[in-house]
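What follows is each chain in one-letter form.
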Amino acid sequence: MSPYAKYIIGKAKWYALTFFIAILLNFLLPRLMPGNPISSIVARMATGGAPSDVLKKLYTSYIQEFGLDKPLYVQFFYYIVKVLHGDLGTSFSLYPTKVNEILAGALPWTIALQVPSILVGWIVGNLLGAVAAYKKGKFDSIIFPLSLFINCIPYYCLAIILLYLLGVVLNVFPIGGGYSMGLMPSFSIAFFVDALRHYFLPFLSIVLVTIGGQAIGMREMSIYELNTDYVNYSKSLGISEGKIVRYVFKNAMLPQISGLAISLGTMVGGALITEIVFSYPGIGTWLFNAIRQQDYPLIQGGTLLIAIGVLTANFLIDIVYGIVDPRIKASQLEE
Amino acid sequence: MKKLLVVKGLKAYYQIGPEENVKAVDDVSLTLYEGEVLGIAGESGCGKSTLARSLSGLFLPPLRHISGEVLLDGVDITKIDERRLRKEVLGKKISFIPQSSMNALNPTLRIRNFVVDLMREHNPELLEEEVLRRAEERFDSLSLSKKVLDSYPFELSGGMRQRTLVAVSTLMNPDIVVADEPTSALDVTSQRQVIELLAVMIERKIMKSLIFITHELPILGQIADRIAIMYAGQIIEIGTLSQVIFASSHPYTKTLMSSMIVPEEGMRERELPSVPGSPPDLRHPPNGCRFAQRCPQATDECRANDIKLRRFQGRLVRCIHPLKVEREL
Amino acid sequence: MLSSRSPTEMVGFLYEAPSQRHLLGTDNFGRDVLVELIYGIRTSIFVGLVSGIIATIVGTTIGTVAGFAGKWVDGVLNSLTNLFLVIPSFVILILLAVSLRQRSLVLIAVVIAVTSWPWTARAVRAQTSSLKTREHINMARLNGKGSFEIMLTEILPYMFSYIFMVFVLQVAGGILNEAGLSMLGLGPENTISLGIMLSWALNFEAVRTGAWWAFVPPVFSIAIITFSLYLVNIGMDEIFNPRLRKQG
């Protein structure tokens with residue numbers, strides 16, 4: 001079996017385990033807390049003035065769906081079966097809408113926002129860091145502290161500032177939502193343009209902070225690579241600066257790719273909170289609403305979706321890394 | 001004999017602070033003749049590696065060329081611009097073999113891709129297939145398997161890596177090869193293979209002359225024609241192999257040799273035997289003879305003024321009280 | 001501390017602009033923002049410190065044992081650490097915080113620590129593994145010292161500076177995580193923190209009405225505190241690991 005195949009299979013096994021643990025934790029953690037979650041929820045809802053037959057329906061449906069009257073491992077079994085069928089339960093706050101429906105509507109918005117913004121931030125950030133390391137001097141002395149500072153601002157903090165400056169003060173961009181009120185989502189150009197206007201500020205906040213973090217990392221890796229022995233050897237044989245620069249940056253990129261996998265979880269989390277700032281109709285905002293209304297099925301559905309999403313992205317990055325770094329195949333040969 | 005490389009009064013310092021310099025190469029003069037192997041030996045920190053780097057005219061920061069000339073075919077390569085240096089000198093006329101650290105070769109590049117980059121840098125008209133053909137031929141003739149070309153550096157053992165470095169550095173048949181501690185990190189068998197490889201290449205005239213830098217004197221005994229001993233940034237004795245090793249004139253050389261068992265093939269010293277005391281700080285070298293602090297026969301005259309290299313009994317010595325040799329060898 | 005006034009005292013109208021009486025104006029409840037800010041900084045730092053201390057103790061223990069013991073103990077602990085590193089901490093934070101009956105300050109700090117110990121554990125494990133091979137460890141073993149004693153007296157002291165650096169980062173992380181939780185509405189109850197100030201500003205229309213004094217101070221404070229902690233970390237790195245940097 002080729003070393004690369006061994007590597008992929010090894011990773012797949014590992015991720016299968018983590019998927020399972022994620023589902024287990026998603027199921028278990030809320031239930032570890034003392035007390036019957038459902039009655040306290042129902043009790044709270046009763047003070048909110050919902051009609052009692054709705055409450056009764058909620059109560060019985062929850063008990064049935066999740067088998068709360070049965071032992072924990074049976075409940076878990078029910079849960080796994082449901083999840084594998086893609087059934088994440090029924091929402092409390094929007095009863096009888098299914099959680100899947102809600103999340104399925106929100107997911108495209110989140111992906112449309114996060115994937116491009118993180119990618120753009122990653123690419124631009126790495127470029128800046130590389131150039132700063134290479135050029136040194138004035139460029140570096142500006143970029144370095146600036147990136148360091150921006151890196152310390154959480155996505156959503158920058159989002160609030162941008163919202164205020166560009167949305168309220170300068171009134172260049174809309175201050176919330178995914179699209180203007182009164183417009184219905186459609187595949188028309190008009191809607192697309194309108195959505196883009198609403199998209200821009202959240203996009204910008206995520207991009208800027210990501211640039212900060214990536215620039216710092218890439219700069220450090222580049223400085224390290226620029227001072228290695230192979231650079232000196234190549235120079236001593238007369239290889240051109242341009243070629244050497246290419247060597248250096250390719251090698252400096254590699255840890256940045258694996259670094260992306262490591263920080264992806266935090267990035268996604270921050271990006272989701274950014275959605276809240278803009279009331280952007282993605283999973284973040286829905287999660288926030290669900291938390292506010294103690295809609296447990298929706299909360300759990302959301303966290304599970306996020307966990308699976310991040311783990312999948314991690315797996316994909318690992319696959320890409322295995323292709324790009326030849327040393328991975330070497331370590332497989334040793335085993 | 002034809003002079004290939006003439007070094008006159010070379011000074012190269014590392015600038016480590018606004019006013020602070022490490023005077024690693026401080027007034028070095030030597031001549032390299034065609035067809036010879038010149039060994040340069042000294043303890044660590046004496047400046048021999050810096051000298052090695054300076055000989056190719058490439059001064060990478062923080063190393064700076066202060067003064068002095070390096071004449072190659074009559075041209076002072078410390079004065080020509082970097083582009084000319086790259087295109088005409090480096091790799092072609094003078095090549096460099098580094099110590100085989102893990103990182104001497106780009107870890108993510110196959111050897112053959114590096115070779116292609118290297119050869120096409122100097123001969124852009126060559127096609128990739130042609131480059132690889134020549135490389136395979138050369139590797140083969142040096143008893144290096146063609147598989148090495150397809151490998152990544154981490155797939156090669158230490159000895160293989162060093163021999164690959166030797167092969168790659170000499171692909172363009174440079175006139176002069178400067179080898180900086182090429183055997184230091186290797187086991188005895190690999191050492192022997194590398195030295196044999198270098199000897200074969202000289203024999204076949206793949207390169208004309210070799211400068212071999214090391215801190216292990218016995219190695220030089222196997223390959224060198226002449227030896228220069230370096231101390232605290234200066235050459236303190238240059239002579240033939242037998243002169244320097246068996247009839248040393250400079251007190252430093254003498255102390256080194258006399259505390260060593262006569263070098264035989266296969267024997268290795270870990271490091272040059274220790275002489276009490278330590279070399280001067282190269283940031284502030286003392287006036288006068290730099291070895292005076294540790295020298296058993298130093299006089300006030302030694303410490304007063306800087307000492308120059310002088311002819312003495314058929315060799316050059318930087319000492320005003322050189323040790324007389326009873327018989328000429 | 002700096003102010004003897006209670007932060008929850010209503011002292012003015014809603015969202016009054018800064019004035020001489022209230023240097024940072026009032027918030028949506030009519031409270032003095034400057035007083036709230038001081039209180040909030042204190043709270044956030046408290047959460048950061050507590051979560052940092054817990055995470056550091058747990059992470060150091062697990063990391064040291066894993067690095068020192070090796071073999072299957074290391075295998076198990078390392079897998080455990082990696083699991084928690086890969087599964088997004090964001091998710092675990094929410095799941096835990098949402099289930100808490102009471103979200104007290106300390107409990108929130110504990111929840112944050114539960115998700116951040118793996119970082120410390122991984123770093124400490126690497127250090128311990130490399131320290132394990134040193135001479136003095138073998139000497140200690142020959143002298144009959146038990147494993148536990150060795151870990152305590154021979155390994156930990158060498159890692160102090162390193163552990164402290166990691167601790168500083170953990171505190172910064174704790175402050176950021178608390179802010180994140182508060183933005184989600186899962187922050188500590190009945191108290192004021194920087195994150196809570198931010199979530200109030202957002203949910204009570206401070207941004208839209210242009211009451212910048214309600215959110216710019218907390219944002220600025222979070223950024224400055226985190227930035228300073230990172231600088232401390234970099235500074236300590238320079239001191240403890242001086243690197244020969246080539247100039248030019």
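Reading guide: rules and limits
Residues numbered from 1 in each chain as written. Chains lettered and ligands numbered in written order. Predicted model: local features only at pLDDT ≥ 70, side-chain atom pairs only at ≥ 80, totals over all residues. Heavy atoms only, no water. Helix = DSSP H or I, 4+ residues; strand = E, 2+ residues; numbered from the N terminus. Buried < 20%, exposed > 50% of the residue type's maximum accessible area, 1.4 Å probe, protein only. Contact = heavy atoms within 4.5 Å. Areas by Shrake-Rupley, 256 points an atom, 1.4 Å probe, with all protein chains shown as cover. Pairing = 2+ DSSP bridges. Patch = residues over 30% accessible without salt bridge, like charges linked within 9 Å, V, L, I, M, F, W, Y side chains within 5 Å. Salt bridge = Lys/Arg side-chain N within 4 Å of Asp/Glu carboxyl O. Core = buried A, V, L, I, M, F, W, Y, C linked by side-chain atoms within 4.5 Å. Buried area = accessible area lost by both parts, 1.4 Å probe. Polar contact = N/O pair within 3.5 Å; in protein donor to acceptor, adjacent residues only side chain to side chain. Nonpolar A, V, L, I, M, F, W, Y, C, P; charged D, E, K, R; others polar. Axes fitted to C-alpha atoms, helices over the stretch in contact; angles between N-to-C directions. Left-handed = near helix turned anticlockwise from the far one by under 90°. Disulfide = S-S within 2.5 Å. Expected span 1.5 Å × (residues − 1). Arc of directions from axis to C-beta. Bend = angle between axes of the 7 residues up to and from the residue. Phe/Tyr/Trp six-rings, centres within 6.5 Å; stacked < 30°, edge-to-face > 60°.

Visitor: What's the story with the overall build of chain A in this structure? I'm lost.
Guide: Counting its regular elements, chain A contains 13 helices and zero strands. The order of helices and strands in chain A, counted from the N terminus, is α-α-α-α-α-α-α-α-α-α-α-α-α. Residues classed as buried in chain A amount to 50% of the 335 residues present. Restricting the contact set of chain A to residue pairs at least 6 apart, pairs at least 24 apart contribute 72%. Summed over all atoms, the accessible surface of chain A reaches about 15,100 Å², with 71% contributed by carbon and sulfur.

Visitor: Help me understand the pairing of strand E10 (residues 234-240) of chain B in this model?
Guide: Remark: a regular strand shows side chains that alternate across the two faces of the sheet. Residue and element names in this part refer to chain B. Taken across its seven residues, E10 has six buried, putting it largely inside the fold. Where strand E9 (residues 226-231) lies against E10, six bridges are found, and the strand directions are antiparallel. Within E10, the residue paired with Arg226 across the bridge is Thr240. In this structure, the hairpin formed by E9 and E10 is closed by a connection of two residues, where Ala232 is found at a positive phi of approximately 50 degrees. Summarising the sheet, E10 and strand E12 (residues 315-317) pair through two bridges and their orientation is antiparallel. Bridging across to E12, Ile238 finds its partner in Leu316.

Visitor: Help me understand a nonpolar patch on the surface in this model?
Guide: All names here are of chain A. Taken together, the side chains of Val120, Ile123, Val124 and Leu127 present a nonpolar region at the surface, about 310 Å² in accessible area. The topology assignment puts Val120 in helix H5 (residues 99-135). The class for Val120 is partly exposed, based on a relative accessible area of 33%.

Visitor: In this structure, what is going on with the nonpolar core? I would like to understand it.
Guide: Generally speaking, soluble globular proteins have nonpolar side chains that are buried together. With 121 residues, the main nonpolar core has Val277(A), Ile306(A), Phe90(C), Ile94(C), Met183(C), Leu198(C) and Phe215(C) as its most contacted residues. A total of 12 residues in this core trace back to one element, the largest contributor, which is helix H10 (residues 241-277) of chain A. Within the second largest apolar cluster, 76 residues are counted, among which are Leu132(B), Ala135(B), Val148(B) and Met257(B).

Visitor: So what exactly am I meant to see when it comes to the interface of chain B and chain A here?
Guide: In many reports, interface size means the accessible area that the parts give up when they come together. With 27 residues of chain B at the interface, the matching set in chain A holds 23 residues. By the criterion of area lost to chain A, the three top residues of chain B are Asn103(B), Thr108(B) and Phe154(B), representing 23% of everything that side buries. There are one salt bridge connecting chain B and chain A. The residue Lys243(A) makes a salt bridge to Asp117(B) at a minimum N-O spacing of 3.6 Å. On the surface where chain B and chain A come into contact, there are eight residue pairs in polar contact (both at pLDDT 80 or more). Put simply, the parts of the chain that give the side of chain B that touches chain A at least two residues each are strand E6 (94-97), helix H3 (111-122) and helix H6 (158-169) of chain B. With five residues, the single largest contributor to the side of chain B that touches chain A is H3(B). Broken down by class, the residue content of the side of chain B that touches chain A amounts to 15 nonpolar, eight polar and four charged.

Visitor: Explain the packing of helix H1 (residues 33-69) of chain C against helix H4 (residues 105-131) of chain C to me, please; I cannot follow it from the model alone.
Guide: Axis angle and axis distance: for two packed helices, these are the angle between their axes and the distance between the axes, and together they describe the pair. Residue and element names in this part refer to chain C. Two elements in contact, H1 and H4, have axes separated by 5 Å at closest approach and are oriented at 35 degrees. Between H1 and H4 the crossing geometry is right-handed. Per-class residue counts for the contact of H1 with H4 are 18 nonpolar, 12 polar and one charged.

Visitor: Is there a simple way to explain the sheet that holds strand E2 (residues 21-33) of chain B in this structure?
Guide: Paired through their backbone hydrogen bonds, the strands of a sheet run either parallel or antiparallel. Residues and elements named next belong to chain B. On the basis of which strands lie adjacent, the open sheet formed by four strands has the order E2-E1-E4-E5 and antiparallel pairing. Across the chains shown, the open sheet's two edge strands, defined by having one partner strand only, are E2 and strand E5 (75-76). Of the strand pairs in this sheet, strand E1 (residues 3-15) and E2 are connected by nine bridges, and their pairing is antiparallel. Counted as the bridge partner of Leu5 is Leu32 from E2.

Visitor: What is the right way to read the pattern of salt bridges from this model?
Guide: Should their charged atoms come close, side chains of opposite charge can pair. Residues and elements named next belong to chain B. For the structure on display, the rule yields 23 salt bridges over all chains. Here Glu137 makes a salt bridge to Arg133, at a shortest N to O gap of 2.7 Å. Taken together, the residues span about one helical turn, with Glu137 and Arg133 both in helix H4 (residues 128-141) at a distance of four residues. Relative accessible area serves as the criterion here: at 43%, Arg133 is assigned to the partly exposed category. When salt bridges with common partners are traced through the structure, they connect Glu130, Arg133, Arg134 and Glu137 into a single cluster.

Visitor: Help me out: how do you make sense of the state of the cysteines in this one?
Guide: In a disulfide, the sulfur atoms of two cysteines are held together by a covalent bond. Taken as a whole and assessed by the stated rule, the structure comprises zero disulfides over all chains. In this structure Cys152(A) is not part of a disulfide, and its nearest cysteine sulfur, from Cys157(A), lies 11 Å away.

Visitor: Please clarify how helix H7 (residues 188-203) of chain B should be interpreted in this entry.
Guide: Given 3.6 residues per helical turn, the α-helix brings residues three or four places apart onto the same face. Residue and element names in this part refer to chain B. Under the 1.5 Å per step criterion, the end-to-end length of H7 is 23 Å for 16 residues, consistent within 8% with the ideal 22 Å. Among all positions in H7, only Ser190, Gln191, Val194, Ile195, Leu197, Leu198, Met201 and Ile202 are buried. Summarising the axial view, the buried residues of H7 lie within an arc of 150 degrees, below the 170-degree limit, and thus occupy one face. Those residues of H7 hidden inside the fold are in contact with strand E3 (37-41), E6, H6, strand E8 (209-214) and helix H8 (217-223). N-cap assignment for H7: the residue whose side-chain oxygen lies 3.2 Å from the backbone N of Thr189 is Asp187. The first or second residue beyond H7 is Lys205, which carries a positive phi of 60 degrees.

Visitor: Explain the side chain of Ser205(A) to me, please; I cannot follow it from the model alone.
Guide: Residues and elements named next belong to chain A. Relative to the helices and strands, Ser205 is located in helix H8 (residues 189-226). Judged by relative accessible area, Ser205 falls into the buried class, the value being 0%. Separated by 3.3 Å, the side chain of Ser205 and the backbone oxygen of Pro202 make a polar contact.

Visitor: What am I meant to see in the environment of Leu49(C) here?
Guide: All names here are of chain C. Mapped onto the secondary structure, Leu49 falls in helix H1. Between the alpha carbons of Leu49 and Ala109 there is a distance of 8.5 Å; along the sequence they are 60 residues apart. In this structure Leu49 touches Phe167 and Val171, once residues within four positions along its chain are discounted.

Visitor: Explain the interface of chain C and chain A to me, please; I cannot follow it from the model alone.
Guide: With 46 residues of chain C at the contact, the number on the chain A side is 52 residues. Buried area between chain C and chain A, summed over both chains or domains, comes out near 4,400 Å², and the portion from carbon and sulfur atoms is 80%. By the criterion of area lost to chain A, the three top residues of chain C are Phe90(C), Leu95(C) and Arg208(C), representing 14% of everything that side buries. Counting the contacts that link chain C with chain A gives zero salt bridges. Across the chain C-chain A interface, the total number found is two residue pairs in polar contact (both at pLDDT 80 or more). Breaking the side of chain C that touches chain A down by element, the ones donating at least two residues are helix H2 (71-86), helix H3 (89-99), H4, helix H6 (147-183), helix H7 (194-203) and helix H8 (216-240) of chain C. It is H8(C) that contributes the most residues to the side of chain C that touches chain A, 10 residues altogether. Split into classes, the residues belonging to the side of chain C that touches chain A amount to 32 nonpolar, nine polar and five charged.

Visitor: I would appreciate a short explanation of unusual backbone geometry in the present structure.
Guide: Leaving glycine out, the prevailing phi sign among residues is negative, and the prevailing peptide bond configuration is trans. All names here are of chain B. The omega angle of the peptide bond from Pro61 to Pro62 is 5 degrees, so this bond is cis rather than trans. Relative to the elements of secondary structure, Pro62 occurs in the loop between helix H1 (48-54) and strand E4 (63-72). The residue Asp27 is not glycine, and still its phi comes out positive at about 70 degrees. With respect to the element layout, Asp27 can be found in strand E2.

Visitor: Could you clarify how one ought to interpret the sheet that holds E9(B) in this entry?
Guide: Residue and element names in this part refer to chain B. Taken in spatial order, the eight strands of this open sheet run E6-E7-E8-E3-E9-E10-E12-E11, and their pairing is mixed. In this open sheet, the two strands that pair with only one neighbour each are E6 and strand E11 (310-312). Adjacent strand axes in the sheet meet at a mean angle of 25 degrees when their direction is disregarded.

Visitor: Please explain H8(A) as it appears in this structure.
Guide: Taking 1.5 Å as the rise per residue, H8(A) with 38 residues should run 56 Å; its terminal C-alpha atoms sit only 48 Å apart, a clear shortfall. Maximum bend of H8(A): about 35 degrees, positioned at Tyr199(A), with proline Pro202(A) one to four residues after it.

Visitor: I would appreciate a short explanation of the packing of aromatic side chains in the present structure.
Guide: Tallied over the full model, the rule gives 19 aromatic pairs over all chains. Between Tyr15(A) and Phe315(A), the aromatic rings sit 5.0 Å apart at their centres with planes inclined by 45 degrees, giving tilted as the arrangement. One end of the pair, Tyr15(A), is in helix H1 (residues 3-32); the other, Phe315(A), is in helix H12 (residues 296-324), with 300 residues separating them in the sequence. Given a relative accessible area of 5%, Tyr15(A) falls into the buried group. Relative to Phe291(B), the ring of Tyr231(B) lies with its centre 5.3 Å away and its plane at 85 degrees, an arrangement referred to as edge-to-face. With a gap of 60 residues between them, Tyr231(B) in strand E9 and Phe291(B) in the loop between helix H10 (251-258) and helix H11 (300-304) connect regions that are remote in the sequence. Pair check on accessibility: Tyr231(B) and Phe291(B) agree, each one buried.

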